[in-house]
Amino acid sequence: MDMFTRVEPKRQSFTVKEDYGWEDIQNKDGSLYDLLSDYLSYDFPLWKRLEFSDFKKYPIKKYSGNFLRNGNLLLTQDAMKTELRDFTTGKFAGVDPKFVMMALIFFNSGVFGKIDKNERINLDYDLKDNKVVIENSGLILEEDSSVIMIRSYRGEGKLLNSASKYLLRAGSKLKIFNVIISPKTDLVISSSLYNLEENASLEVYDVIFGGEKTAIDHTANLNGDFSRATFKTVYFARGKERMDLRNSLNHFGRSTYGRIETNGSLSDEGYSVVRGNIEIKSTAVGADSEERSNTISLSKKARADSIPSLYVDNNDVIAKHGASIGNIDEDKLYYLMSRGLDERSAIRLIVSGIFEPIINEIPPDNSNLKEEIENAISVRI
Amino acid sequence: MTNNALSKTEPGLNRRIIEEISESKNEPLWMKDIRMKSLEYFLNRPNPNFGVDISALDLNSIVNYVKPGAQNERSWEDVPEDIRENFEKLGIPQAEREALAGVGAQYDSEMVYHNMKESLKKLGVIFLEMGTAVREYPDLVKKYFMHLIPPNDHKFAALHGAVWSGGTFIYVPPNVNVPMPIQSYYLMGSPGMGQFEHTLIVVDKGSKLEFIEGCSGQNYSVSNLHAGAVEIYVEEGATVKFSTIENWAKNTYNLNTKRASVDKDGTIIWISGTMGSAKTMLYPSSILKGKGARAEYTTITYAGPGQHLDTGTKVFHFAPYTSSKVDSRSISFGGGYAFYRGLVRVSESAIHSKSSVDCSALMVDNVSKSDTLPIIEVMNNQSEIGHEAYVGKINEDQIYYLMSRGLTEDDAKALIVRGFLDPFIKQLPFEYAVEFNRIIDMHFNSKIG
């Protein structure tokens, strides 16, 4: 029904002195001309909560090293020479169209592939040796295929901007782990779009130890009947780190299922913005969707915002959300301390408890990654 | 009285019209200054960048000031016949006779009837039409008027500041427990008009007040605009319960601003029902500025055919040990669109604060819409903040059960809707509760009454 217009704030933007241009494209290709002019017609988004109002143009270089550890996939520049070409340049909204287009044009890393069976994919991006990582990735999961992908971004860099999209054909299954441990990195951006056909199933697990400013968006379009998507995010922000984490579920198909769970902790002047958007269209009869978030703040100066939204156009649905923000549970703390733990260890244990359900989901042959996550918690408390 | 001369301003807004309004009311200069400054803000401010679409509202065609053919009358019989009929349909005099401490009724822009029990006067309670209060208690009014809602707050606060007329002023001196509710009723009776009443309530230390505001209007083909303002000052240890039912006509744009500031250990209780109007934007706000201040909300939004109601609650915790509790419910049916927009902000200094927000939405059919957007911002780690929301349909099992007990489907739906709204209805004065139940029955073709 278009009878009512919901008025929403306009996108705010700012101009930069120097933006990327043709000369910064790593994999020059004629088809990028139009995209580039589109990119240049956009200013950068102004984000008040992240205090993002300036963009530094760090030089983009060829990715040094090998980020594709495991998996039968094409590098993006090679995929552009195949029938996947249109898929590689496909735009979407993501965190912001400017950053998505930046990734599609100026990428120095990323993989594409069509998968028709079971596949394990490991991608490890290194920000220490590559101060600027720009990723353009995408997967097409053919009917009834199944993929487990583990993707990590590690090290102190300057800029990480990733755009990835996934087409899940009928009955396919995708499980993704994204681990970002990139302290002191100026800007960390990641946009992911998932389109699900009938009976497709998606699980996304995010572990975010951000850069200085981090913006993440996952958007799943549950187009097919009985498709399912679950987003689970855990995070920790310290120092003056700011994070804006958004998970969106758009229910179009009948009896679609969605869950969003975002839990995290803050220390120092850490600041998190947790957004969960659930939109249930009138076609999505029988949809079941729920979002939850819980933030434990360890510092007086930390700030936690929760912005959940439910947009429901159909009455035959279940839609819920809930949020809580508070200090660490003192009863738990005293209990642990009465068992001989010092305060710091007790807090560490409780915060680890937030991360544990996700760490447990990571396949066992990734013990290094699990350890790294545990270490990341330790050094922060 | 010289101000009889002005009965209706030309449509639209300019300095001359504002001057006319101010002069006709014999206002002090400071009030005229507020109006002029507000006009400047209004002309320069853009429309709000969220909420309902008001692009079809032609502000130039809205008549800003209509004076009905009556002065403030002391007795009900002196009020002109047609106006009296309107109010009688709404049960105002009965209400007054039976239980209410004082009733002010505003028809279009001016208060037409105002009375207060002698006993309240003896307690030192001031209950006046706003314009009269400006003339009789200028210093008291000036101290509070549009301090909580500054004219440059948003475009329609500015419009209000420029053209406000009528409304209610209440002052309760320290340590007075006003034993009965005080009530005002606002009615829009002319086509293509704007109503901009100002309600200013000051409840001094340790006092208690319950205030009931009713609003309605007749249907015309031309759009009406309501941009009122309510400012409530709850001083230390005081309690104010503000109940309101806004049942404006279905062609009204209701862009209303309500705000309370609550001092140490004070309590504001908002009981708020939004059901009329074509489009509404209304977010009663509580500013908890004193230690231990509290805010409680029980609100419902009832969006039927052709209605887009964007309502919500805002609580600002600025002091330690403050608490807030919100129970917000909405019903959308027949293609109606209900939007809940909430904000809880807990500042760095508001340690040991608590807030819980519950919003639930009941969707009666699959052509209606219901959205919720409750924002929470917490800037310290010594507070407990929680939020829950639920959107769902009428439970079919319940309908079947009730039908198996002999109810028609319509009766069953009406009963379930009433049950859903029960926490709100329970808080209403009796005659409003009855009226409210009648409206629900009417909407669902139910006859169980």
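Since the structure is predicted, the reported quantities are computational estimates derived from the model, not experimental observations.

Conventions used here
- Sequence positions are assigned chain by chain, starting from 1 and proceeding in written order.
- Naming scheme: in the order in which they are written, chains are lettered from A and ligands are numbered from 1.
- Per-residue local features of the predicted model are confined to residues with pLDDT of at least 70, and side-chain atom pairs are confined, for both listing and counting, to 80 or more; whole-chain, interface and lining totals are unaffected and use all residues.
- Note that the side-chain values use all heavy atoms of the structure and ignore hydrogens as well as water.
- Helix and strand assignments come from DSSP, with helices taken as H or I runs of at least 4 residues and strands as E runs of at least 2, each series counted from the N terminus.
- Here the globule rule is a power law, 2.2 Å times the number of residues to the power 0.38, and the radius of gyration is based on C-alpha atoms.
- Burial classes: relative accessible area under 20% of the type maximum marks a residue as buried, over 50% as exposed, and values in between as partly exposed (1.4 Å probe, protein chains only).
- In this analysis, two residues are considered to be in contact whenever any of their non-hydrogen atoms come within 4.5 Å of each other.
- In these tables, accessible area is a Shrake-Rupley quantity obtained with a 1.4 Å probe, and a residue counts as shielded only by the protein chains included in the view.
- Charged-residue counts in this description rest on Lys and Arg as positive and Asp and Glu as negative, His and the chain ends being excluded.
- By convention, the charge on Lys lies at NZ, on Arg at CZ, on Asp at CG and on Glu at CD.
- Here an angle of 0 to 180 degrees is reported between the N-to-C directions of two axes, which are lines fitted to C-alpha atoms, with helices fitted over the stretch in contact.
- For any helix crossing, the convention is left-handed if the near helix is rotated counterclockwise from the far helix by under a right angle, and right-handed if that rotation is clockwise.
- Residues are sorted three ways: Asp, Glu, Lys and Arg are charged, Ala, Val, Leu, Ile, Met, Phe, Trp, Tyr, Cys and Pro are nonpolar, and all the rest, Gly among them, are polar.
- A simple way to read buried area is as the amount of 1.4 Å-probe accessible surface that goes missing from two parts once joined, with both sides added.
- The salt bridge definition used is simple: a Lys or Arg side-chain nitrogen within 4 Å of an Asp or Glu carboxyl oxygen.
- In protein, a polar contact means a hydrogen-donor-capable atom and an acceptor-capable atom, both N or O and within 3.5 Å, with residues adjacent in sequence counting only if both atoms are side-chain atoms; elsewhere, any N or O pair within 3.5 Å suffices.
- A strand pair is defined by DSSP finding two or more bridges across the two strands.
- Each pair of aromatic rings taken from Phe, Tyr and Trp, with Trp reduced to its six-membered ring, is defined by centres within 6.5 Å and is described as stacked if the planes are under 30 degrees apart, edge-to-face if over 60, and tilted in the remaining cases.
- Counted as over-ring charges are cases with an Arg CZ or a Lys NZ within 6 Å of the ring centre that also lie within 35 degrees of the ring normal.
- As annotated, the domain borders come from an automatic or database domain assignment.

(A) Seen up close, the overall build of chain A. In terms of regular secondary structure, chain A is built from seven helices and 20 strands. For 381 residues, the compact-globule formula gives about 21 Å, and the C-alpha radius of gyration of chain A, at 20 Å, lands near that figure. With the C-alpha coordinates of chain A rotated into their principal frame, the extents come out at 65 × 50 × 45 Å. Put simply, chain A has 381 residues, and 57% of those count as buried. Within chain A, contacts between residues separated by at least 24 positions form 84% of all contacts whose residues are at least 6 apart in sequence. As displayed, chain A offers around 15400 Å² of accessible surface, 45% of which is attributable to carbon and sulfur atoms. Both charge centroids of chain A, one from 51 positive and one from 57 negative side chains, sit 4 Å from each other.

(B) The environment of glycine 266 of chain B, seen in detail. Residue and element names in this part refer to chain B. Inspection of the secondary structure assignment puts glycine 266 in the loop between β13 (257–262) and β14 (267–274). A relative accessible area of 0% places glycine 266 in the buried class. Separated by 32 residues in the primary sequence, glycine 266 and valine 234 place their C-alpha atoms 6.1 Å from one another. Setting aside its immediate chain neighbours within four residues, glycine 266 contacts Val234, Glu235, Gly237, Ala238, Gly292, Ala293 and Arg294.

(C) Molecular detail of the packing of helix α10 (residues 409–420) of chain B against helix α12 (residues 430–443) of chain B. Residue and element names in this part refer to chain B. Here α10 crosses α12 at 145 degrees, and the two axes come no closer than 9 Å. Two packed elements cross with a definite hand, and for α10 against α12 that hand is right-handed. In this structure, α10 uses Ala414, Val417 and Arg418 to contact α12, whose residues at the interface are Asn437, Ile440 and Asp441. Of the residues belonging to the contact of α10 with α12, the class tally is three nonpolar, one polar and two charged.

(D) Spotlight on the interface of chain B and chain A. Tallying the contact residues gives 44 residues for chain B and 40 residues for chain A. Summing the contributions of chain B and of chain A, the shared interface buries around 3400 Å²; its carbon and sulfur component is 51%. Taken together, the connections running from chain B to chain A amount to six salt bridges. The interface formed by chain B and chain A holds 23 residue pairs in polar contact (both at pLDDT 80 or more) in total. Listed by contribution, the elements that provide at least two residues to the side of chain B that touches chain A are β20 (337–346), β22 (369–378) and β23 (384–393) of chain B. When strand β19 (residues 303–312) of chain A meets β22 of chain B, the two strands line up antiparallel, connected through six bridges. Counted as the bridge partner of valine 312 of chain A is serine 370 of chain B from β22 of chain B.

(E) The packing of aromatic side chains, seen in detail. According to the stated counting rule, one finds 32 aromatic pairs over all chains in the structure shown. Here phenylalanine 316 of chain B and phenylalanine 318 of chain B contribute two aromatic rings whose centre-to-centre distance is 6.0 Å and whose plane-to-plane angle is 20 degrees, an arrangement assigned as stacked. An aromatic cluster is defined as three or more aromatic residues linked by ring pairs; in this entry it consists of Phe14, Tyr20, Tyr39, Phe44, Trp47, Phe52, Phe55, Phe99 and Phe106 of chain A. Geometry around tyrosine 257 of chain A places arginine 228 of chain A over its ring, the cationic atom sitting 4.0 Å from the centre. Its end group placed over the ring of tyrosine 337 of chain B, lysine 369 of chain B keeps NZ or CZ at 4.9 Å from the ring centre.

(F) Here's a closer look at the pairing of β22 of chain B. Residue and element names in this part refer to chain B. Most of β22 is tucked away: ten of the ten residues are buried. A two-sided burial pattern is seen for β22, the buried positions comprising Lys369, Asp371, Leu373, Ile375 and Glu377 on one face and Ser370, Thr372, Pro374, Ile376 and Val378 on the other. Here β20 runs beside β22; their pairing, made up of ten bridges, is parallel. Looking across to β22, one finds that tyrosine 340 is bridged to threonine 372.

(G) Fine view of the domain arrangement of chain B. Residues and elements named next belong to chain B. Its domain assignment divides chain B into domain 1 (2–282) and domain 2 (395–449). Together, the buried faces of domain 1 and domain 2 total about 900 Å²; carbon and sulfur atoms form 71% of this surface. A per-residue breakdown of the area domain 1 buries against domain 2 is headed by Ile245, Ile271 and Met275, which together make up 47% of the total. Run the count over domain 1 and domain 2 and you get zero salt bridges. Taken together, the links from domain 1 to domain 2 amount to one residue pair in polar contact (both at pLDDT 80 or more).

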